[in-house]
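Inside the fold
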Amino acid sequence: GDSVTQMEGPVTLSEEAFLTINCTYTATGYPSLFWYVQYPGEGLQLLLKATKADDKGSNKGFEATYRKETTSFHLEKGSVQVSDSAVYFCALSSGGSNYKLTFGKGTLLTVNP
Amino acid sequence: DTEVTQTPKHLVMGMTNKKSLKCEQHMGHRAMYWYKQKAKKPPELMFVYSYEKLSINESVPSRFSPECPNSSLLNLHLHALQPEDSALYLCASTPSSGVSNEQFFGPGTRLTVL
């Protein structure tokens, strides 16, 4: 079945540091890949997505590239801010799972001033 | 209108109570979802409605009863819940059940069962 593996957190960084959160996946067919962010006390918000190999999703300074050869979709940001503190979920959707979202376990990011 | 709304924001109920959660979207989306999220965990899918028909039930106990009265509205009826059902309940929608469509999530209802 489909699965998503994310790096374990928590991740603690200083403001303006570089961020990488690793995400690898296993899926049938050709999945779409997503990063969602959940701020404290809120629901999930789509951060970015990619629907085919070599696509790069980007939003608010965050980027992730769909790498089919390594089955990865790592999230990066060049300079994090305190306001980026949140839980980040990598997720996939594939026809083999009836279009359900399969989530990774989530990574808690804390950015200190 | 590009959001999913959920009411109430917080709910406290006893194990003998009957209550309902409500979800609404006016984006013309035809697939709607209920998720349960425990603290520090990813959301777990409960139900999927596609074109107002229940298409997926992830073996959810019958004390949770979903309802989709129309294409904009999704309810979750709760009865005889257990304390372990305390969680954040999230609603989501998507234009259709296509693989590339992202799901739009509401802010959730924080449920506490006493």
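Above this text is the structure in question.
Computed from a predicted model, the values in this text were never measured in an experiment.

**A closer look at the sheet that holds strand S8 (residues 73-79) of chain B**
Residue and element names in this part refer to chain B. Read across the sheet, 4 strands follow the order S1-S3-S8-S7 without closing on themselves; strand pairing throughout is antiparallel. Each edge of the open sheet is held by one strand with a lone partner, namely strand S1 (4-7) and strand S7 (64-70). The mean inter-strand angle of the sheet, taken between neighbouring strand axes irrespective of direction, is 20°. Bridge count for S7 against S8 is 5 bridges, and the pairing is antiparallel. Counted as the bridge partner of Phe64 is Leu78 from S8.

**What to know about the interface of chain A and chain B**
Between chain A and chain B, the residue contacts involve 22 residues of the former and 23 residues of the latter. Taken together, the two surfaces of chain A and chain B that pack against each other cover about 1600 Å², and 58% of this comes from carbon and sulfur. Where chain A meets chain B, there are 2 salt bridges. Glu58 of chain B is paired through a salt bridge with Lys100 of chain A; the nearest N and O atoms lie 3.3 Å apart. Here chain A is connected to chain B by 4 residue pairs in polar contact (both at pLDDT 80 or more).

**Side note on the pairing of strand S6 (residues 53-57) of chain B**
The two faces of the sheet receive side chains in turn, since in a regular strand these alternate between them. Residues and elements named next belong to chain B. As paired elements, strand S5 (residues 44-50) and S6 share 4 bridges and run antiparallel to each other. Residue pairing in the sheet places Phe47 in a bridge with Asn57 of S6. Once S5 ends, the chain turns through 2 residues before running back antiparallel as S6, passing Tyr51 with a positive phi of about 50°.

**Some thoughts on the state of the cysteines**
Note on terminology: disulfide describes a covalent bond linking the sulfur atoms of two cysteines. Residue and element names in this part refer to chain A. Here the structure, examined in full by the defined rule, presents 2 disulfides over all chains. What pairs with Cys23 in a disulfide is Cys90, and their sulfur atoms sit 2.0 Å apart. Across the S-S bond linking Cys23 and Cys90, the dihedral sits near -70°, which makes this disulfide left-handed. Here Cys90 lies in strand S10 (residues 86-93) and Cys23 lies in strand S4 (residues 23-26), a separation of 67 residues in the sequence. A relative accessible area of 1% means that Cys23 is categorised as buried.

**A word on the sheet that holds strand S7 (residues 56-59) of chain A**
Residues and elements named next belong to chain A. Strand order in the open sheet formed by 4 strands is S3-S9-S8-S7, with antiparallel pairing between adjacent strands. Taken across any chain shown, the strands that pair with only one partner, and hence form the sheet edges, are strand S3 (19-21) and S7. When strand polarity is set aside, the average angle formed by the axes of neighbouring strands in this sheet is 15°. Here S3 pairs with strand S9 (residues 75-77) via 3 bridges, running antiparallel.

Reading the values: the criteria
- Residues numbered from 1 in each chain as written.
- Chains lettered and ligands numbered in written order.
- Predicted model: local features only at pLDDT ≥ 70, side-chain atom pairs only at ≥ 80, totals over all residues.
- Heavy atoms only, no water.
- Pairing = 2+ DSSP bridges.
- Helix = DSSP H or I, 4+ residues; strand = E, 2+ residues; numbered from the N terminus.
- Axes fitted to C-alpha atoms, helices over the stretch in contact; angles between N-to-C directions.
- Contact = heavy atoms within 4.5 Å.
- Buried area = accessible area lost by both parts, 1.4 Å probe.
- Salt bridge = Lys/Arg side-chain N within 4 Å of Asp/Glu carboxyl O.
- Polar contact = N/O pair within 3.5 Å; in protein donor to acceptor, adjacent residues only side chain to side chain.
- Disulfide = S-S within 2.5 Å.
- Buried < 20%, exposed > 50% of the residue type's maximum accessible area, 1.4 Å probe, protein only.

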